[in-house]
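# Results of the structural survey
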Amino acid sequence: MAQSLTSRMSRLAISTRNIFTSSLSISKPNPSPILSCSSLRTPLMHTNILRSLSTIPKQQLQQTRTIDITNNSPDFGATSTLPPLLHSQRDAENFAAFVHANKHHKVKPFILKRRRHQLKSYIGNEKNIRHSPWRMNLVCQFAHGLTVPEALKQLMFCQKVKAPLVAKVIRRTANLADIRDGFQPSQLEVSECFTTHGTHLKRLKIMGRGRSGKKLRRFSHIRLVLREIDFPTKILEATSINQKRKWLERLAIAREDYEKARVEKEELEELERLAAEVAEKQRKEKEAESAK
């Protein structure tokens with residue numbers, strides 16, 4: 001994948017000049033509410049791509065699911081609230097190469113912000129922790145801004161007393177996302193993780209020369225927000241080719257985890273249906289015997 005992406009980038013970098021000169025003579029296409037993968041092959045800049053995504057009505061966003069397994073066009077964007085953008089791993093590589101070849105064209109921040117606000121998020125917290133907020137924030141800094149698997153990996157090797165507690169909160173919130181919308185940990189990132197002050201306990205502080213003072217037994221609260229990952233935006237914001245490769249690898253892992261979870265869910269539903277049929281059959285047999 002890395003070799004093909006590099007070769008594709010070199011070809012796009014050579015033809016960038018011809019692409020933008022030809023794009024001036026091409027008429028503006030009709031805006032469509034859902035962006036197909038064929039638009040990535042057109043000589044439009046990625047600025048127009050995200051601008052078209054930002055103008056979609058909110059009602060249509062709620063009706064459209066990006067991960068749709070019923071048809072034969074699964075989305076590799078691995079998001080559930082935004083329209084389809086990357087329908088295959090090859091489209092994702094083409095998109096990364098196209099963005100890197102045109103990295104001198106910047107996307108306006110409000111477009112990314114509007115797209116980010118449409119993503120689903122899940123809030124987790126832990127209150128009344130007998131620990132200093134300042135020291136607890138040192139642990140939360142390890143997890144902030146990382147994906148859930150990477151955050152758990154960082155906290156596993158963190159030599160702090162409350163690192164297992166922060167990892168426990170992350171797992172609990174990721175489990176909540178799986179229960180509600182079927183998101184896997186590889187599809188989530190830690191968008192917020194910080195500590196606030198709790199209700200401190202006042203205690204007596206004994207000092208020299210017969211004096212006394214006041215000291216506080218500090219308590220803290222943890223606030224955690226997990227947000228689904230918008231992989232096209234992550235690829236767009238990556239500054240180097242190595243970062244784009246990493247996000248492409250994470251995208252493939254997220255899709256594989258989602259497919260495994262979907263198969264397990266279907267098998268569980270099938271077993272529950274069979275169990276219900278067996279129970280119903282036994283109930284009818286008992287009713288028939290009692291009627292005789």
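This text gives an overview of the structure that appears in the document. (Residues numbered from 1 in each chain as written. Predicted model: local features only at pLDDT ≥ 70, side-chain atom pairs only at ≥ 80, totals over all residues. Heavy atoms only, no water.)

Looking now at the overall build of the chain. Along the backbone of the chain there are eleven helices and five strands. Buried residues in the chain amount to 40% of all 292 residues. Within the chain, residue pairs in contact and separated by at least 24 positions form 73% of the contacts whose partners lie at least 6 positions apart. (Helix = DSSP H or I, 4+ residues; strand = E, 2+ residues; numbered from the N terminus. Buried < 20%, exposed > 50% of the residue type's maximum accessible area, 1.4 Å probe, protein only. Contact = heavy atoms within 4.5 Å.)

Looking now at the packing of aromatic side chains. Here the structure, examined in full by the defined rule, presents two aromatic pairs. Here the aromatic rings of Y122 and F183 are separated by 6.1 Å at their centres, their planes lie at 65°, and the arrangement is edge-to-face. Of this pair, Y122 sits in strand β1 (residues 121-129) while F183 is found in the loop between α9 (163-181) and β2 (188-197), placing the two residues 61 residues apart along the sequence. Side by side, Y122 and F183 carry an identical accessibility label, which is buried. On the basis of an interplanar angle of 70° and a centroid distance of 6.1 Å, the ring pair of F231 and W247 is categorised as edge-to-face. (Phe/Tyr/Trp six-rings, centres within 6.5 Å; stacked < 30°, edge-to-face > 60°.)

What follows is about the nonpolar core. L155, V166, I170 and L188 are the most contacted members of the largest nonpolar core, which has 26 residues in total. Those elements that place two or more of their residues in this core are β1, α7 (133-143), α8 (148-156), α9, β2 and β5 (220-228). Looking at which element gives the most residues to this core, the answer is α9, with eight residues. Excluding residues that lie within four positions of it along the chain, L188 makes contacts with Y122, T147, V148, A174, A177, F183, L226, R227, E228 and I229. Counting residues in hydrophobic clusters, the runner-up holds 17 residues, among them V99, L112, L236 and A254. (Core = buried A, V, L, I, M, F, W, Y, C linked by side-chain atoms within 4.5 Å.)

We now examine the pattern of salt bridges. With the rule as written, the count across this model stands at 16 salt bridges. Across the salt bridge formed by E259 and R262, the nearest N and O atoms sit 2.9 Å from each other. Of the two residues, E259 and R262 are both situated in helix α11 (residues 241-291); the distance of three residues between them amounts to about one turn of the helix. Using a relative accessible area of 23% as the deciding quantity, one classes R262 as partly exposed. Put simply, E270 and R273 hold a salt bridge, and the shortest N to O gap is 2.3 Å. In this pair, E270 and R273 are both assigned in helix α11, three residues apart and thus about one turn of the helix distant. (Salt bridge = Lys/Arg side-chain N within 4 Å of Asp/Glu carboxyl O.)

Turning our eyes to something else, we now look at the packing of α8 against α9. Orientation of α8 relative to α9, taken along the N-to-C sense of each, is 160°, at an axis distance of 9 Å. Viewed along their axes, α8 and α9 adopt a mutual orientation that is roughly antiparallel. In this structure, α8 meets α9 at a crossing whose hand is left-handed. Between α8 and α9, the contacting residues are V148, A151, L152 and L155 on the first element and A163, V166, A167, I170, R171 and A174 on the second. A breakdown of the residues in the contact of α8 with α9 according to their chemical character gives nine nonpolar, no polar and one charged. (Axes fitted to C-alpha atoms, helices over the stretch in contact; angles between N-to-C directions. Parallel < 35°, antiparallel > 145°, perpendicular 65-115°, else oblique. Left-handed = near helix turned anticlockwise from the far one by under 90°. Nonpolar A, V, L, I, M, F, W, Y, C, P; charged D, E, K, R; others polar.)

Put simply, helix α5 (residues 89-101) and α11 touch, their axes get as near as 11 Å, and they point 160° apart. Judged on the interaxial angle alone, α11 and α5 are roughly antiparallel. Crossing of α5 over α11 shows right-handed handedness. Contact with α5, carried on its side by Q89, A92, E93, A96, V99 and H100, involves I241, K244, L248, L251 and A252 of α11 and no other residues of that element. Looking at the contact of α5 with α11 residue by residue, the classes come out as seven nonpolar, two polar and two charged.

This part covers the sheet that holds β1. Reading across the sheet, the three strands line up as β1-β5-β2 and stay open at both edges, with antiparallel pairing between neighbours. Edge positions in the sheet fall to β1 and β2, since each of these pairs with one other strand and no more. Strand-to-strand twist in this sheet, taken as the mean axis angle between neighbours without regard to direction, amounts to 15°. Its contacts with the sheet put α9 on β1, β2 and β5, and the angle it makes with β1 is roughly 145°. (Pairing = 2+ DSSP bridges.)

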